[in-house]
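What the coordinates show
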Amino acid sequence: MSARPQHMHDGGIVERRLRPIYDWLDNGVNKKALQEAEKVLKKSPTLQAARALKALALLRLGKKNEALSVLDVLAEEKPSDDTTLQAMTICYRESQQLNKVCALYEAAVKSEPNSEELHSHLFMSYVRVADYRAQQRAAMALYKLAPKNPYYFWAVMSIVLQAKSTEDVTKKGILLTLAQRMVDNFIAENKMEAEQEARLYIMILELQEKWEDILKFIEGPLYSQLVPGSTAQASIPYLKKLGHWRKLNLLCKELLWDNQDRWDYYMPYFESAFELMKGVDPNENCNSSVDDTEEKCHEFICELIESISSERTIRGPYLARLELKRLSKEPKDLYGGAMALCIQYLKFFAHKSCSVPDVRPYLSMIP
């Protein structure tokens, strides 16, 4: 689809003249589009938008050299109206000359330095060619012109991309420190206002392996304000990174009481329990409600099963008993035989298509 004019020129006369060209281009009748462009240019030979559309029609007719000649002349005139720029951008994209789009908008921004729209298009042109350094400059110029959060975080993300693309460890560290400082300043000034901004900050800290800082941020009031209801779930991977197994165990138990079918809570729950059985995490205070033995795990899962209403049977706890048995180092018949546990599961779920893949990992426990 070709770009439509977004501004009115000469009381809409130009737009009405260009409309048939757009219609033919949109319908893939490029020869007719070229003819219409020629008609408009006979009346207005210097009209930049019509010349840009003529170049597009020529390009789609396979006349690349003629199209590029038209575009070269136009580029020298440094157009700044949106209609012409969009048509030329399409031409450069279709002819795989994305760097010329950057040059096009660089010239346009110089002509109209106070245009937020042109600055935004310039930033996007750098994105297409993955020029992260130029992206950063364009985003900061845009933020100075129109101080909006997305523009500021475009600059931050551009710095992060520079860090991820370099193999120089020192340079990477400097760039990530800069990105973190920029976001820290925003947090200090209470300007952060979107979930994506919080997630970008976490990404920056992850790249620096600052797990404690991430956990502190997630557990703070700002994160819960920006990403409501996800603090507990978001904490799980970082509690694992830090080896806070008791805290993780209690958190997963709390989450499972409200979400008995969430397998992504059972797995960290089991991991924390078995790490605690090894005597890991000795520095944290003992807590009687922590499940640090297999018996406690089995008792907890049975409590979950008992808490399920008769109107709604869910698979999670039944599969969790099988998973505990698979992980268990205790005598095989301590929690009942694998055959009995499988049969109990199938008693409720054999009619579901998920039953076979659910049980398959545990068949090896059956003699």
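Residues numbered from 1 in each chain as written. Predicted model: local features only at pLDDT ≥ 70, side-chain atom pairs only at ≥ 80, totals over all residues. Heavy atoms only, no water.

As annotated in an unreviewed UniProt entry, the protein chain is N-terminal acetyltransferase B complex subunit MDM20 homolog from Parnassius mnemosyne. Note on the protein chain: under the UniProt heading Sequence similarities (unreviewed entry), the record states "Belongs to the MDM20/NAA25 family." (UniProt positions renumbered as here; feature names shortened; annotations may be inferred.)

**Some remarks on the pattern of salt bridges**
Applying the stated criterion across every chain, the model contains 16 salt bridges. Two residues, Lys148 and Glu116, come together in a salt bridge whose shortest N-O distance is 2.8 Å. With Lys148 in the loop between α8 (132-145) and α9 (149-165) and Glu116 in helix α7 (residues 116-128), this pair connects stretches of sequence that are 32 residues apart. Assessed through its relative accessible area of 40%, Lys148 is described here as partly exposed. Between Asp291 and Lys253 there is a salt bridge, with its nearest N and O atoms 3.0 Å apart. One end of the pair, Asp291, is in the loop between α16 (263-277) and α17 (294-307); the other, Lys253, is in helix α15 (residues 245-258), with 38 residues separating them in the sequence. (Salt bridge = Lys/Arg side-chain N within 4 Å of Asp/Glu carboxyl O. Helix = DSSP H or I, 4+ residues; strand = E, 2+ residues; numbered from the N terminus. Buried < 20%, exposed > 50% of the residue type's maximum accessible area, 1.4 Å probe, protein only.)

**Some words on unusual backbone geometry**
Its identity as a non-glycine residue notwithstanding, Lys78 has a phi of 55°, on the positive side. Along the chain, the position of Lys78 falls in the loop between α4 (64-76) and α5 (82-94). You can call Lys78 partly exposed: its relative accessible area is 47%. In the Ramachandran plot, Glu209 falls in the positive-phi region, its phi being about 55° despite a non-glycine side chain. Within the fold, Glu209 resides in the loop between α11 (195-207) and α12 (211-218).

**Focus: helix α6 (residues 98-111)**
A rise of 1.5 Å per residue sets the reference length of α6, with its 14 residues, at 20 Å; its end C-alpha atoms lie 21 Å apart and thus fit the reference within 8%. Buried within α6 we find Val101, Cys102, Leu104, Tyr105, Ala107, Ala108 and Val109. (Expected span 1.5 Å × (residues − 1).)

**Thoughts on the side chain of Glu323**
Position of Glu323 among the secondary structure elements: in helix α18 (residues 316-327). Every residue in contact with Glu323, bar those within four places of it in the chain, is listed here: Trp263, Met267, Phe270 and Tyr362. (Contact = heavy atoms within 4.5 Å.)

**Digging into the confidence of the model for the protein chain**
Taken over all residues, the pLDDT of the protein chain has a mean of 89, while the share at 70 or more is 93%. Below a pLDDT of 50 lies the segment residues 1-9, which in the model reaches 28 contacts outside its immediate sequence neighbourhood of four places, other chains included. (pLDDT = per-residue confidence, 0-100.)

**Section: the nonpolar core**
With 114 residues, the main nonpolar core has Leu18, Ile21, Phe153, Val156, Met192, Phe217 and Tyr223 as its most contacted residues. Tallying contributions element by element places helix α3 (residues 48-60) first for this core, with nine residues. Tyr223 has contacts with Ala198, Arg199, Ile202, Phe217, Ile218, Pro228, Ser230, Thr231 and Ala234, leaving out every residue within four places of it along the chain. (Core = buried A, V, L, I, M, F, W, Y, C linked by side-chain atoms within 4.5 Å.)

**Considerations on the packing of helix α10 (residues 169-188) against α11**
Where α10 contacts α11, the two axes come as close as 10 Å, and the packing angle between them is 145°. Relative to α11, the crossing made by α10 is left-handed. Contacts between α10 and α11 involve Leu176, Ala179, Gln180, Val183, Asp184 and Ile187 from the former and Tyr201, Ile204, Leu205 and Leu207 from the latter. Across the contact of α10 with α11, the residue classes tally to eight nonpolar, one polar and one charged. (Axes fitted to C-alpha atoms, helices over the stretch in contact; angles between N-to-C directions. Left-handed = near helix turned anticlockwise from the far one by under 90°. Nonpolar A, V, L, I, M, F, W, Y, C, P; charged D, E, K, R; others polar.)

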